[in-house]
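One letter stands for each residue in the lines below.
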Amino acid sequence: MRLRRVRELEPVRSLIRETQLSASNFIYPLFVTHGEGVKQPIEPMPGNFQLSLDMLEEEISEVVDLGIPAVLLFGLPEEKDPVGSGAYDPEGIIQEAIRVIKQTAPNLMVVGDVCLCEYTDHGHCGVIENQRIDNDQTLELLARTALAQVQAGADMVAPSAMMDGQVRAIRETLDANGEETVPVMGYAAKYASAFYGPFRVAADSTPQFGDRRSYQMDPANRRMAMREIESDIAEGADIVMVKPALAYLDVIKTARDRFDHPMAAYNVSGEFSMVKGAARQGWIDEKMVTLELLTAIRRAGADIIISYHAKEVARWLRGDE
């Protein structure tokens, strides 16, 4: 047996390649802030920025030109309060960003992240009562946030707060307001991960007390992830997600084998920053390592990858760099 025969020539390797990576697999996250002329570099995430509304047009035009089909929006409000009212304000930063993007690129898919952590003064993902997250009070606010985003023009909403029942609450609210065709992408298996550190700098969303382990998942648990995914599907999620991706490839693979739903994986900020840091030191070949890691996420079973690498990977794949 000579298995090497099919590895000798690149055309043959390409023909039999089992896992393909394309710009069309990606959703690109963006951070939107108030002000004018703001393009603030996010220090631990090279190449990513906090952008004011007037700076979005250039960024969105580049995303479209690269063939990336969707963006995922995170907002930095001017003011925060205990109940995260900026998240569901019809004139809130994300709602304004959605309108700007849809004017610039009507066919680009805009996904709204539905959570309160960027908007609360305590940095948690829901309403606080007696130093604990009140799950059911939070559901109402998440549903209002999703509706506000959709009414501003969002094509899909993605609840990430890890509140029990969040997908059902959002689905019911959208349906009751004539938005039955808008899909929901549930952050179904979102772990309480240390890989979120750079994101919390980008989104200014670090908890001011405690942590998120009472609602995000224990990193040691895989079977529980299947229960969470099953629950989101039962509540009406159209797409389910595993977050983070690289340290949870086994979870993605198990979910892919068990469920037929479209599946997303979030290649999170810490995963991105480690590659960038090692590349800056000259320890790795950044392009080759990035492509290998993202291919692994696809190979594990993800249909969609949310990644800060999306733009550079799209350039590499079309041969620009």
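What you see is a predicted model, and the numbers here were worked out from it, not measured in a lab.

Thresholds applied
- Residues numbered from 1 in each chain as written.
- Predicted model: local features only at pLDDT ≥ 70, side-chain atom pairs only at ≥ 80, totals over all residues.
- Heavy atoms only, no water.
- Core = buried A, V, L, I, M, F, W, Y, C linked by side-chain atoms within 4.5 Å.
- Buried < 20%, exposed > 50% of the residue type's maximum accessible area, 1.4 Å probe, protein only.
- Helix = DSSP H or I, 4+ residues; strand = E, 2+ residues; numbered from the N terminus.
- Contact = heavy atoms within 4.5 Å.
- UniProt positions renumbered as here; feature names shortened; annotations may be inferred.
- Polar contact = N/O pair within 3.5 Å; in protein donor to acceptor, adjacent residues only side chain to side chain.
- Axes fitted to C-alpha atoms, helices over the stretch in contact; angles between N-to-C directions.
- Parallel < 35°, antiparallel > 145°, perpendicular 65-115°, else oblique.
- Left-handed = near helix turned anticlockwise from the far one by under 90°.
- Nonpolar A, V, L, I, M, F, W, Y, C, P; charged D, E, K, R; others polar.
- Patch = residues over 30% accessible without salt bridge, like charges linked within 9 Å, V, L, I, M, F, W, Y side chains within 5 Å.
- Areas by Shrake-Rupley, 256 points an atom, 1.4 Å probe, with all protein chains shown as cover.
- Salt bridge = Lys/Arg side-chain N within 4 Å of Asp/Glu carboxyl O.
- Lys, Arg positive; Asp, Glu negative; His and termini not counted.
- Charge placed at Lys NZ, Arg CZ, Asp CG, Glu CD.
- Expected span 1.5 Å × (residues − 1).

J.: Explain the nonpolar core here, please?
T.: Generally speaking, nonpolar side chains in soluble globular proteins are found buried as a group. One finds V71, L73, I229 and I252 to be the most contacted residues of the largest nonpolar core, which totals 78 residues. The element contributing the most residues to this core is helix α4 (residues 135-152), with seven residues. If we ignore the near neighbours within four places in the chain, the residues touching V71 are I27, Y28, L30, I60, V63, I101, L108, M109, V110 and V111. In this structure, M185, V268, F272 and I306 belong to the second largest nonpolar core, which totals 26 residues.

J.: What exactly am I supposed to notice about the UniProt feature "active site" (unreviewed entry) in the protein chain here?
T.: UniProt records the feature "active site" (unreviewed entry) at K190 and K243, using the numbering of this structure. Judged by maximum C-alpha separation, these annotated positions cover 54 residues in sequence but sit close together in space, the widest gap being only 4.8 Å. Within the secondary structure layout, K190 lies in strand β9 (residues 185-190). A residue is classified by how much of its surface remains accessible, and K190, at 6% relative accessible area, is buried. Ignoring sequence-local partners within four residues, the contact set of K190 consists of S160, M162, Y196, Q216, M217 and K243. Reaching out from K190, the side chain makes a polar contact with the backbone oxygen of S160 at a distance of 2.9 Å. Within the element layout of this structure, K243 appears in strand β10 (residues 239-243). Excluding residues within four positions of it along the chain, K243 makes contact with Y187, A189, K190, Y191, Y196, Y266 and V268.

J.: Sorry if this is basic, but what is going on with unusual backbone geometry here?
T.: Generally, phi is negative for residues other than glycine and the peptide bonds are trans, each holding for most cases. With an omega dihedral of -5°, the bond running from K243 to P244 counts as a cis peptide bond. With respect to the helices, strands and loops of the structure, P244 is situated in the loop between β10 and α8 (249-258). One non-glycine residue, M162, adopts positive backbone phi at about 60°. By the element assignment, M162 lies in the loop between β8 (156-159) and α5 (166-176). Of the residues examined, M162 reaches a relative accessible area of 7% and is grouped as buried.

J.: What should I look at first to understand the packing of helix α2 (residues 56-65) against helix α3 (residues 93-104) in this one?
T.: What describes two packed helices is the angle between their axes and the distance between those same axes. Relative orientation of the contacting elements α2 and α3 amounts to 55°, with a least axis distance of 10 Å. Between α2 and α3, the angle is such that the two are oblique. Note on packing geometry: the crossing formed by α2 with α3 is right-handed. Across the interface between the two elements, L56, E57, I60 and S61 of α2 pack against A97, V100, I101 and T104 of α3. For the contact of α2 with α3, the per-class residue count stands at five nonpolar, two polar and one charged.

J.: Quick question: what am I supposed to make of a positive patch on the surface here?
T.: Judged by side-chain charge, R2, R4, R5 and R7 come together as a positively charged surface patch. With respect to the helices and strands, R7 occurs in the segment before α1 (10-15).

J.: Please explain helix α7 (residues 223-235) as it appears in this structure.
T.: Given 3.6 residues per turn, any residue in an α-helix points the same way as the ones three and four places further on. An ideal rise of 1.5 Å per residue puts 18 Å on 13 residues; α7 measures up with 19 Å between its terminal C-alpha atoms. Those residues of α7 lying buried are A225, M226, E228, I229, D232 and E235. Each element contacted by the buried residues of α7 is listed here: α5, β9, β10 and α8.

J.: Could you clarify how one ought to interpret the UniProt feature "binding site: 5-aminolevulinate 2" (unreviewed entry) in the protein chain in this entry?
T.: UniProt marks S269 and Y308 with the feature "binding site: 5-aminolevulinate 2" (unreviewed entry), using the numbering shown here. Spanning 40 residues, the named residues nonetheless gather at one spot, since no C-alpha pair among them exceeds 7.3 Å. If you trace the backbone, S269 turns up in helix α9 (residues 269-280). At 3.4 Å, the side chain of S269 forms a polar contact with the backbone oxygen of F195. By secondary structure assignment, the location of Y308 is in the loop between β12 (304-307) and α11 (310-317). Contacts of Y308, omitting those with residues within four sequence positions, involve Y28, P29, F31, M45, N48, F199, Y266, N267, V268, S269 and F272.

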